[in-house]
Amino acid sequence: MRRVRLHWNAPHQKAPAMIRILSTAAATALLLASPAAAELELSFYLGAQTANDSNASGYLPSGATFSRNVDWGGKSFDSPFYYGGRAIWWTHSDLGFGIEGTHVKAYASGSDMAAIGVDRLEFTDGHNIITANVMKRFPGALKGGSFTPYVGAGIGVAVPHVDILPIGASNRTHDYELTGLALRGIAGMKYAINEDWALFAEYQITWSDNDATIDGDPGQRNGKLRTELTTHAINVGISYSF
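Source: prediction; values computed, not measured.

### Description of the overall build of the protein chain
Here is step 1 of the chain: Looking only at helices and strands, the protein chain features two helices and 12 strands.
Here is step 2 of the chain: Along its sequence from the N terminus, the protein chain presents helices and strands in the succession α-β-β-β-β-β-β-α-β-β-β-β-β-β.
Here is step 3 of the chain: The proportion of buried residues among the 242 residues of the protein chain is 48%.
Here is step 4 of the chain: In the protein chain, the share of contacts with a sequence separation of at least 24, taken over all contacts with a separation of at least 6, comes to 70%.

Okay, here's the thing in structure tokens:
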């Protein structure tokens, strides 16, 4: 059975403030949405996702330090695929409140892994981004009525599956970790098939601040890796409203 570890790294002391932010956002969304909810919309999407280069710094369990600009790859269509889903409660004012999860991916290049001193450096069972969203749709903005543009933003957390193996080490880091704050931006267009079903296409950007633990071999202290990841995606999907 895979070991699952969700934790915050104490040196940065981000957890209490972030938990308060998320709790407040979720409670506000429910309070605002529930009294005037017009409909619940469930959406699922696939897409093509890339990741920007970013500086990765920290130290390995051996004590070796590193700081390097890493060329991250998305590989959206390699298993496990990039995908996501969300639930949005739309109010009569066409404001929406809800939650979204995206299975983003990031692979370090071979040259970057060699320079840092690892055989594996990737977030590929998902650099999972979970956010509480606020969205706005604009029905009737385009002639014909079947097309509806929308925008949205979210704040939440990054829960990546950290996969790191230092060169020569026997202990591979292979855990889910709660690594930091995450933000999301959305702009898209929905096409109504009928009153319940719709197709959509959208652009998404996510940003996350990640402080991950690298597990050491017996007798070693754990290492650390810190990096900010920005991803871009073009998504296509289907939604159902009721």
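Resuming the write-up.
### Some details on the pattern of salt bridges
Here is step 1 of the chain: Following the criterion strictly, the structure yields 11 salt bridges and no others.
Here is step 2 of the chain: Note that glutamate 100 is salt-bridged to arginine 86, the shortest N-O span being 3.2 Å. Of this pair, glutamate 100 sits in strand 6 (residues 95-108) while arginine 86 is found in strand 5 (residues 83-91), placing the two residues 14 residues apart along the sequence.
Here is step 3 of the chain: Between arginine 120 and glutamate 122 there is a salt bridge, with the nearest N and O atoms lying 3.1 Å from each other.

### Quick look at unusual backbone geometry
Here is step 1 of the chain: Residue proline 80 is bonded to the preceding serine 79 through a cis peptide linkage, with omega at 0°.
Here is step 2 of the chain: In this structure, proline 80 sits in the loop between strand 4 (72-73) and strand 5.
Here is step 3 of the chain: Although it is not a glycine, lysine 75 sits at a positive phi angle of roughly 45°.
Here is step 4 of the chain: Of note, the phi angle at aspartate 94 is positive, near 65°, even though the residue is not glycine.

### Points about the pairing of strand 6
Here is step 1 of the chain: Along strand 6, 11 of the 14 residues are buried, which leaves the element largely enclosed by surrounding structure.
Here is step 2 of the chain: The sheet contact formed by strand 4 and strand 6 spans two bridges and is antiparallel. Paired with tryptophan 72 across the two strands is alanine 108, which belongs to strand 6.
Here is step 3 of the chain: In this antiparallel pair of consecutive strands, strand 5 and strand 6, the connection spans three residues, and aspartate 94 shows a positive phi of 65°.
Here is step 4 of the chain: The sheet contact formed by strand 6 and strand 7 (residues 118-137) spans 12 bridges and is antiparallel.

### Considering the nonpolar core
Here is step 1 of the chain: By size, the foremost hydrophobic cluster in this structure holds 19 residues, and its most contacted members are Trp72, Val118, Leu121 and Ile164.
Here is step 2 of the chain: Of the residues forming this core, the biggest block, three residues, is contributed by strand 7.
Here is step 3 of the chain: With residues near it in sequence (within four places) discarded, leucine 121 still touches Trp72, Tyr107, Ala108, Met113, Ile116, Asp163, Ile164 and Leu225.

### Details of the environment of alanine 201
Here is step 1 of the chain: The residue alanine 201 is located in strand 11 (residues 197-214) in this model.
Here is step 2 of the chain: We classify alanine 201 as partly exposed; its relative accessible area is 37%.
Here is step 3 of the chain: Sequence-distant contacts of alanine 201, that is, excluding residues within four places in its chain, are made with Tyr150, Gly188, Met189, Asn235 and Val236.

### Concerning the confidence of the model for the protein chain
Here is step 1 of the chain: Summarising the model, the protein chain shows a mean pLDDT of 88, and 85% of its residues fall at 70 or more.
Here is step 2 of the chain: Across residues 33-37 the pLDDT falls below 50, and counting only partners more than four positions away or on other chains, this stretch makes nine contacts in the model.

### Re the packing of aromatic side chains
Given two aromatic rings, one states the distance between the centres and the angle between the planes to describe the pair.
Here is step 1 of the chain: Applying the stated criterion to the full structure yields six aromatic pairs.
Here is step 2 of the chain: Arranged with centres 6.4 Å apart and planes meeting at 80°, the rings of tyrosine 45 and phenylalanine 200 form a pair that is edge-to-face. Here tyrosine 45 is found in strand 1 (residues 37-51), whereas its partner phenylalanine 200 is found in strand 11, with 155 residues between them in sequence. Phenylalanine 200 carries the same exposure label as tyrosine 45, and that label is buried.
Here is step 3 of the chain: An angle of 45° between the planes, with centres 5.0 Å apart, marks the rings of phenylalanine 147 and tyrosine 191 as tilted. One end of the pair, phenylalanine 147, is in strand 8 (residues 147-166); the other, tyrosine 191, is in strand 10 (residues 180-192), and 44 residues separate them in sequence.
Here is step 4 of the chain: Members of the aromatic cluster, joined through ring pairs, are Trp197, Tyr240 and Phe242.

About the thresholds
- Residues numbered from 1 in each chain as written.
- Predicted model: local features only at pLDDT ≥ 70, side-chain atom pairs only at ≥ 80, totals over all residues.
- Heavy atoms only, no water.
- Helix = DSSP H or I, 4+ residues; strand = E, 2+ residues; numbered from the N terminus.
- Buried < 20%, exposed > 50% of the residue type's maximum accessible area, 1.4 Å probe, protein only.
- Contact = heavy atoms within 4.5 Å.
- Salt bridge = Lys/Arg side-chain N within 4 Å of Asp/Glu carboxyl O.
- Pairing = 2+ DSSP bridges.
- Core = buried A, V, L, I, M, F, W, Y, C linked by side-chain atoms within 4.5 Å.
- pLDDT = per-residue confidence, 0-100.
- Phe/Tyr/Trp six-rings, centres within 6.5 Å; stacked < 30°, edge-to-face > 60°.

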